[in-house]
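# Summary of the model geometry
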Amino acid sequence: MESRLERNEGPNQPDAKIAGNVAGAYLALLADRGVDYLFGNAGTDFAPLIEAYARAAQTGVAVPRPILATHENLAVAMAHGYGMLSRRIPAVMVHVSVGTANMICAAMNAARENVGILLTAGRSPLTETGLSGSRDGYIHWAQEMYDQAGMIREIVKWDYELRNAEQLTTVVDRALAIAASEPRGPVYLSLPREVIAAPAVEPVRPPARLAPAASPAPDAGAIAAAAQFLAQAKRPLIVTANAGRDTAAFAALAAFAERFAIPVVQHRPRYFSLPSSHPMNLGFNPAPLVKRADAILVLESDVPWIPSQVAPQADCKVVHCGLDPLFTRYPIRGFPCDIAITGSTVTVLAALSSALADGHDEAAAALRRRAIADERATLIAGWQAARDAGARKAPLDPAWVSHCIDRAKDPTAIVLNEYTLFPEQCSFEYPDLYFGSSSASGLGWGPGAALGAKLARPDSEVVAVVGDGAYMFSNPAAVHHASALHELPVLFIVMNNSMWGAVDRSTRAMYPDGLASRSNAPPFVRLGNLPKFEEICKSAGGYGERVEDPAALPGALARALAAVKNEKRQALLDVICGPGGTA
Ligand SMILES: Cc1ncc(C[n+]2csc(CCOP(=O)(O)OP(=O)(O)O)c2C)c(N)n1
Ligand SMILES: [Mg+2]
């Protein structure tokens, strides 16, 4: 079919005046398909889009709300936070090749956590003259790439370029269906300027006929075999990181673990999967539990333990369950696996429950429950001792800071942790309250994701806990600007040890007797004279305090949370901490 592009129709054609341009049709289609927000960082490629937004304001056509972000990593982190809470698919648009380059790290974070996002970028105009949208700036030559999507192709589930208006509906619906199919993830669509500047072809939007794929049901034979392993086990164990990504799995796991008396350890959780107070909750360190287990059920966990630190016994049976239980997008992952079951946690646990119900040995389960209760009491006493030991330390101890945050926050507050919060010092009793940074660990995620979370849950208290390093990676000026601009008041808590502690810990772990370990000032560790973070927040109209005295922390937290709640202002506490952290 001959396209409008080939027919060289410009925006001055009469029908264009009525129907607008393809960008307008695209925006209306996104809104129609349930995309609420378009997070954007603009360039010359946005001209047709901006024109379309102006037209939509006049005509009243529904379009996604535009959310400006002054850095691409912020735009994607905000979309990540929004999608993580809402489970909807947000869109992001960045400026051609250079904008794509800037968003890749944040896109990798979202991809590894299966957050569906429609990532889009303009393309440099294809034509040098002659069309509406043809090149008219000197950058339009140098910014073009042979394969713009190639930069991000390894990270996204699908990529494409919109080549003509006629294909718009199919392309958008396919993009959204793939992003929303489990395991979810970002997709990437490039939008050449002439294509989106062309007159709209179809003002009507046909109903979506491209449903996301339903998840597969767990295989009955594999469930029966896995149930047998668990039924025969004396010391079964569940390891998870992300079962709670599905909020229904939170309750399902609690019921399953309790009924069959199987302890749960959450290793590096990104989504809490079990209430903090649950009797089967054995914390966050899998090493001692993995070592003695005789059957391990791995639920949505990419790295259930660190093999160089611990290994299960040779005869321990290991079952991996998840929407992609082998993590097929990871180049290497060699955890022992006797059975791998593809399916959602809810369906897997339901099937395992039925299979286990028959021969369930309640006497054995009751014995295990008692032993687990003792073990849990010991763990809790250890956590208590750690925070008591830190209570009077200056610089502040992250365990004590974590505890104070827990006491100060609302019990239903949403907390995003980019490294330094100790989850064992906190209480999260419901799903969707605790979010850890992506397993890809592209630093700078937390503050932007917190803004996106607030957008999704405007009535919730939202707290982002970040290291000083993570905070600097997040583009603080851009973050505080976006918080004020979009009226998204959140509390940022910086655990500031004035260093990249993780780099230091890693060097010491690899070279415990090395020269660097004995040095006072190894390079690439200490950050030196950092700016006053609280002043950055204040300069954007927020509340800010620096905390150096452990006794002053509860008061500072109360003041900062009051500023967020009552004055609807963002707030930042720069908490001067000692080393510590678990990264
Ligand atoms: C984009 C990116 N660059 C570099 C790293 C490597 N890295 C991992 S942790 C870390 C330091 C984090 O510092 P901070 O947030 O202050 O936490 P701390 O380690 O001091 O507790 C660095 C640089 C990374 N994960 N991501
Ligand atoms: Mg630090």
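A few points on the structure.

Calculation notes
- Residue positions are given per chain, counting from 1 as you read along its sequence in written order.
- Note on labels: chains are lettered from A, ligands numbered from 1, in written order.
- Given that the model is predicted, a residue must reach a pLDDT of at least 70 before its local features are reported, and side-chain atom pairs must reach 80 or more before they are shown or counted; all residues, however, enter totals for whole chains, interfaces and linings.
- Calculation of side-chain values draws on the structure's entire complement of heavy atoms; hydrogens and water are dropped beforehand.
- Note on donors: an N, O or S atom is included if it sits within 2.8 Å of the metal, or within 3.2 Å for Na, K and Ca, and water is never included, so sites can look incomplete.
- Secondary structure elements follow DSSP: runs of H or I of four or more residues count as helices, runs of E of two or more count as strands, with numbering from the N terminus.
- Relative accessibility decides the category of a residue: with a 1.4 Å probe and only protein chains considered, values under 20% of the type maximum give buried, values over 50% give exposed, and everything between is partly exposed.
- When charges are counted, neither His nor the chain ends are considered; positive counts come from Lys and Arg and negative counts from Asp and Glu.
- Any carboxyl oxygen of Asp or Glu within 4 Å of a side-chain nitrogen of Lys or Arg constitutes a salt bridge here.
- Pairing of N or O atoms within 3.5 Å defines a polar contact, subject to two protein rules: one partner must be a possible hydrogen donor and the other a possible acceptor, and residues neighboring in sequence count only if both atoms are side-chain atoms.
- Residue contacts follow a heavy-atom distance rule, with two residues in contact if any of their heavy atoms lie within 4.5 Å.
- Being near a molecule or strand, for a residue, comes down to having at least one heavy atom within 4 Å of it.
- Note on areas: Shrake-Rupley, 1.4 Å probe, and residue coverage restricted to the protein chains presented here.
- Two strands are counted as paired when DSSP detects at least two bridges linking them.
- Take the buried residues of types Ala, Val, Leu, Ile, Met, Phe, Trp, Tyr and Cys, join any two whose side-chain atoms come within 4.5 Å, and each joined set is a nonpolar core.
- The patches reported here contain residues having more than 30% relative accessible area and no salt bridge. Joining distances are 9 Å for like charges and 5 Å for nonpolar side chains (Val, Leu, Ile, Met, Phe, Trp, Tyr).
- A fitted line through C-alpha atoms serves as each axis, taken over the contacting stretch for helices, and the angle formed by two N-to-C directions is quoted from 0 to 180°.
- Angular relationships are summarised with four words: roughly parallel below 35 degrees, roughly antiparallel beyond 145, roughly perpendicular across 65 to 115, and oblique for the angles in between.
- Helix crossings get a hand from a simple test, with the near helix turned counterclockwise from the far one by less than a right angle marking a left-handed crossing and a clockwise turn marking a right-handed one.
- Polar here means any residue outside two lists: the nonpolar Ala, Val, Leu, Ile, Met, Phe, Trp, Tyr, Cys and Pro, and the charged Asp, Glu, Lys and Arg; Gly therefore counts as polar.

### Thoughts on the coordination of the magnesium ion (ligand 2)
Angles between donor atoms at a metal ideally measure 109.5 degrees for a four-coordinate tetrahedral arrangement and either 90 or 180 degrees for a six-coordinate octahedral one. The coordination sphere of the magnesium ion (ligand 2), as far as protein atoms go, consists of D468 (OD), N497 (OD1) and M499 (O), spread over 2.0 to 2.1 Å. Within one chain, the residues serving as donors to the magnesium ion (ligand 2) are arranged as D-x28-N-x1-M. Taken together, the residues D468 in helix α17 (residues 468–473) and N497 in the loop between β15 (491–496) and α19 (501–510) connect sequence positions 29 residues apart. Exposure remark for N497: the relative accessible area of 15% places this residue in the buried category.

### Notes on the side chain of R387
Here R387 is to be found in helix α14 (residues 362–390). Despite its burial, R387 pairs with no opposite charge, the nearest such side chain being D388 at 4.7 Å. Here the side chain of R387 touches Q425 through a polar contact of 2.8 Å, side chain to side chain. Each residue touching R387, except ones within four places of it in the same chain, is listed here: A399, W400, H403 and Q425.

### So, the pattern of salt bridges
Pairs may arise between side chains of opposite charge once their charged atoms sit close together. Under the criterion given, the structure shown has 24 salt bridges. E113 is the salt-bridge partner of R270, the closest N and O atoms lying 3.0 Å from each other. Pair noted here: R270 is in the loop between β8 (264–266) and α12 (287–292) and E113 is in the loop between α6 (96–112) and β4 (118–123), with a separation of 157 residues, a long-range link. The partner of K409 in a salt bridge is D406, with the nearest N and O atoms 3.5 Å apart. Each member of the pair, K409 together with D406, is buried. One continuous salt-bridge network, built from bridges that share partners, spans R123, R135, E144 and E161.

### Brief notes about the site of ligand 1
Every one of the 15 residues lining ligand 1 counts as a neighbour, but S441, D468, G469, G501 and A502 are closest to it. Contact between ligand 1 and D468: an oxygen atom at 2.6 Å from a side-chain N or O atom of the residue. Relative to its unbound accessible surface of 590 Å², ligand 1 loses 78% to contact with the protein. Those elements that provide at least two residues to the shell around ligand 1 are α17 and α19.

### A word on the pairing of strand β14 (residues 462–467)
With respect to burial, β14 is a largely interior element, six of its six residues being buried. Residues of β14 alternate between two faces, with V462, A464 and V466 on one and V463, V465 and G467 on the opposite face, all of them buried. By the bridge criterion, five bridges tie β14 to β15 in an arrangement that is parallel. Paired with V465 across the bridge in β15 is I493.

### What about the nonpolar core?
Counting 54 residues, the largest nonpolar core has F39, V92, L119, I152, L416 and L451 as its most contacted members. The greatest single-element share of this core, amounting to eight residues, is contributed by helix α5 (residues 72–86). Aside from chain neighbours lying at most four places away, what touches V92 is L38, F39, A75, V76, A79, M103, I117, L118, L119 and T120. Residues A227, I238, V239 and I296 belong to the second largest nonpolar core, which totals 42 residues.

### Section: the environment of R526
Within the secondary structure, R526 is located in the loop between α20 (515–518) and α21 (533–539). Each C-alpha atom of the pair R526 and E72 lies 27 Å from the other, and the pair is 454 residues apart in sequence. Excluding residues within four positions of it along the chain, R526 makes contact with S498, M499 and N520. A polar side-chain atom of R526 sits 3.5 Å from the main-chain carbonyl oxygen of N520.

### Regarding a nonpolar patch on the surface
Nonpolar side chains collect at one region of the surface, where F473, W500, V503 and F524 lie side by side and expose about 410 Å² of accessible area between them. Along the chain, V503 falls in helix α19. V503 sits in the partly exposed class, given a relative accessible area of 36%.

### What to know about the sheet that holds strand β9 (residues 295–299)
Reading across the sheet, the five strands line up as β8-β7-β9-β10-β11 and stay open at both edges, with parallel pairing between neighbours. The open sheet is flanked by β8 and β11 (339–342), the only strands paired with a single partner. Taking the axes of each pair of neighbouring strands and ignoring which way they run, one obtains an average angle of 20° across the sheet. Lying over the sheet, helix α11 (residues 247–260) contacts β7 (236–240), β8 and β9, oriented at roughly 165° with respect to β7.

### Comments concerning the side chain of R368
Along the chain, R368 turns up in helix α14. Among buried Asp, Glu, Lys and Arg side chains, R368 stands out as unpaired, with D294 the closest opposite charge at 7.3 Å. Apart from residues lying up to four places away in sequence, R368 is in contact with A233, K234, P236, F260 and A261.

### Some thoughts on the packing of α5 against α6
In the contact formed by α5 and α6, the axes pass within 7 Å of each other and the chain directions differ by 30°. In terms of axis orientation, α5 runs roughly parallel to α6. Judged by the twist between their axes, the crossing of α5 over α6 is right-handed. Mapping the contact onto sequence places E72, N73, V76, A77 and H80 in α5 and G99, N102, M103, A106, A107, N109 and A110 in α6. Looking at the contact of α5 with α6 residue by residue, the class counts come to six nonpolar, five polar and one charged.

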